[in-house]
Number of protein chains: 2
Amino acid sequence: MPRNNELKIGVLGSGSWATAIVKILTTNIHPVYWWIREEDIAESVARTGYNTRYLSTAKIDPKKVKISTDIKKVINKCDYIILVVPAAFIDKSLGNIPKALLKDKKVISAVKGIVPEKMVIVADYLIREFGVDANNIGIISGPSHAEEIAAEKLTYLTSSSQNKELVSVVADMFSCNYVITHTSDDIFGTEYAAVLKNIYAIGAGIYKGLGYGDNFLAAYIANCAKEMKCFINAVHPIDRTLYDSVYLGDLLVTAYSQYSRNRTFGNMIGQGYSVATVQLEMNMIAEGYYATRCIHEINKTLQANIPIVEAVYNILYQGRPQALELRKLCEVLV
Amino acid sequence: MPRNNELKIGVLGSGSWATAIVKILTTNIHPVYWWIREEDIAESVARTGYNTRYLSTAKIDPKKVKISTDIKKVINKCDYIILVVPAAFIDKSLGNIPKALLKDKKVISAVKGIVPEKMVIVADYLIREFGVDANNIGIISGPSHAEEIAAEKLTYLTSSSQNKELVSVVADMFSCNYVITHTSDDIFGTEYAAVLKNIYAIGAGIYKGLGYGDNFLAAYIANCAKEMKCFINAVHPIDRTLYDSVYLGDLLVTAYSQYSRNRTFGNMIGQGYSVATVQLEMNMIAEGYYATRCIHEINKTLQANIPIVEAVYNILYQGRPQALELRKLCEVLV
């Protein structure tokens with residue numbers, strides 16, 4: 001197994017979560033190669049150590065990163081690629097690079113979403129579009145708001161892969177004094193859980209925006225956990241316990257935390273703002289918005305019982321009145 | 001099945017939850033008989049309709065209640081007794097009444113705790129001490145902060161009993177335009193879930209008080225759900241899904257909500273206050289404090305794997321340093 005400081009790791013992305021991941025990785029490994037698309041962010045981080053646009057509280061040591069705005073150069077240089085681009089931009093970011101470039105790399109997705117152009121989770125996207133071997137794919141996830149990583153608050157992450165060596169190399173590279181990393185072989189379950197929880201957080205936000213209280217919200221989130229189990233077991237039926245932090249924990253942090261973009265997005269929808277206004281106002285992508293449509297589409301063939309996702313879909317995409325749609329949903333929750 | 005307005009119902013207790021329950025019941029039934037121990041509260045509620053000491057935001061119509069400070073009189077008058085006294089006061093309140101008085105009553109417990117003198121849940125206490133038939137016992141529980149009932153926020157409650165008719169009569173009496181009531185036959189599971197969640201909320205509060213963040217808290221609460229499942233299945237093994245609002249939902253509302261006395265209690269412990277100081281400061285019983293010792297004792301024979309309860313026990317009863325104890329606990333969580 002390679003030692004940490006021999007690993008050639010490239011991080012693709014410059015949002016909050018990408019910045020938090022670079023902060024974690026540079027405690028163990030340097031240099032970390034880092035693709036940042038925007039010239040101004042790249043320049044500012046290289047000069048000051050701060051990504052002032054997306055996670056201004058995280059301090060990165062500029063001496064420990066090698067930043068480039070050339071994605072091909074970064075991928076070429078590295079053996080391990082950590083993909084942290086918002087799902088809606090993955091195909092735009094990777095679509096133009098030669099297929100062969102990623103083929104023999106180990107690719108770890110930290111994306112929590114579905115590639116909307118292809119309606120597939122990231123693992124499937126990498127396999128189908130780039131011929132990446134399933135054994136070279138890993139997922140890093142868990143309840144993890146970037147803001148708390150910046151503040152070095154204790155966080156549990158889970159490294160998932162079907163490849164036992166890869167899973168443990170990735171767990172090692174992400175472990176530090178404020179990150180405890182567990183391992184799992186359930187890449188599909190962890191990816192879908194990460195996608196679904198964003199939709200459920202939007203629903204929680206809408207309920208909050210409509211004035212529902214904590215009593216109801218707790219019942220709602222318990223129902224989300226049950227629906228998550230139902231969908232994941234339908235899409236990839238293996239023996240798993242949904243009580244682990246990577247599934248239920250991730251749902252909880254997203255649905256309850258003040259930092260959650262998806263919950264904030266939902267809250268504004270609940271208060272009556274249009275989707276277009278909210279997107280403009282937040283200046284960020286709420287992953288769950290795209291995920292809602294994708295899961296709705298995927299479920300057309302899967303036919304799992306997912307009334308919560310369908311209610312959020314009806315509100316966001318069908319223009320149904322949120323108060324009526326969610327009151328109706330209350331009737332089927334337990 | 002009796003019609004709602006023919007039911008003779010007595011509520012025993014005058015805390016926040018008792019007051020909220022009287023508010024719910026009087027939307028359907030009147031008069032509701034109500035035992036209030038303290039003369040001054042009884043007088044004030046009868047005159048103004050407000051329990052200014054414990055839930056001053058709930059309006060009760062004084063014309064719809066018959067208040068008495070004589071517990072025997074209230075029990076004697078009624079067929080259905082709703083027990084809502086803090087667990088630590090149950091034996092003091094009921095210990096002196098003639099055993100025969102409760103024997104043929106239908107007794108619904110809304111207590112979320114263990115009778116500390118006897119180390120048993122309320123259903124077992126009623127069976128053993130008063131010879132109440134198991135078929136005449138019901139439990140009403142679910143994620144339900146009294147403050148939100150006062151504000152008429154939508155709340156899910158669960159009526160549990162082994163007696164199919166009783167379960168449905170109780171569900172009916174608690175249903176109103178802001179309460180949706182579900183039914184269950186799992187009285188032991190719902191009682192233990194309600195007890196355990198208070199302990200877990202204390203733990204959540206301690207972690208918060210120590211400065212842990214939302215990422216960790218989400219992983220912690222997911223682990224609590226798993227530990228709850230493990231304990232309940234050990235104490236009463238039947239087929240149940242812990243994702244229902246009465247189990248997981250109740251845990252979530254207590255562990256996350258600002259209204260939770262148990263979480264507030266834990267928060268102050270985490271900040272370094274002594275148990276005695278916190279009890280004095282809060283002027284309320286944190287049920288979880290007593291529950292921690294009871295579950296610890298019960299588990300001596302049961303031997304379920306409950307490291308979270310044990311860590312809270314070590315802090316509250318063994319004087320172990322909270323920071324060390326909870327950091328050690330982090331190592332076993334997943």
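Residues numbered from 1 in each chain as written. Chains lettered and ligands numbered in written order. Predicted model: local features only at pLDDT ≥ 70, side-chain atom pairs only at ≥ 80, totals over all residues. Heavy atoms only, no water.

1. Concerning the pairing of strand E5 (residues 106-109) of chain B
All names here are of chain B. Looking at chain direction, strand E4 (residues 80-83) and E5 are connected through four bridges and run parallel. Paired with Leu-83 across the bridge in E5 is Ser-109. As defined by bridge partners, E5 adjoins strand E8 (residues 137-141) across three bridges and the pair is classed as parallel. Bridge assignment links Ser-109 to a residue of E8, and that residue is Ile-139. (Pairing = 2+ DSSP bridges. Helix = DSSP H or I, 4+ residues; strand = E, 2+ residues; numbered from the N terminus.)

2. Considerations on the sheet that holds strand E3 (residues 65-68) of chain B
Residue and element names in this part refer to chain B. Taken together, eight strands build an open sheet; the order of strands is E3-E2-E1-E4-E5-E8-E9-E10 and the sheet is mixed. Either end of the sheet is taken by a strand with one partner, and the two such strands are E3 and strand E10 (179-184). Sheet twist, expressed as the mean angle between neighbouring strand axes with direction ignored, is 25 degrees. On the sheet, helix H8 (residues 164-174) packs against strand E1 (9-12), E4, E5, E8, strand E9 (155-160) and E10 and is oriented at approximately 170 degrees with respect to E10. (Axes fitted to C-alpha atoms, helices over the stretch in contact; angles between N-to-C directions. Contact = heavy atoms within 4.5 Å.)

3. Looking at the pairing of strand E3 (residues 65-68) of chain A
On a regular strand, one side chain projects to one face of the sheet and the next to the other, so that they alternate. All names here are of chain A. Bridging between strand E2 (residues 32-35) and E3 involves four bridges; their strand directions are parallel. Bridging from a neighbouring strand, Val-32 pairs with Val-65 of E3. For the crossover that starts at E2, traverses helix H2 (residues 39-48) and ends in the parallel E3, the hand is right-handed. (Right-handed = clockwise from strand over helix to strand, strands pointing away.)

4. Considerations on the relation of the copies chain B and chain A
At an RMSD of 0.0 Å, chain B and chain A line up after a rotation of 180 degrees and a shift of 0.0 Å along the axis. Taken together, the rotation and translation describe the operation of a two-fold axis. Taking C-alpha positions as the reference, the residue of chain B nearest the rotation axis is B:Tyr256, at 4.0 Å. A shared binding surface is used by both copies, with 100% of the interface residues of chain B retained as interface residues in chain A. (Least-squares fit on C-alpha atoms with pLDDT ≥ 70 in both.)

Keep in mind these numbers describe shape, not what the thing actually does.
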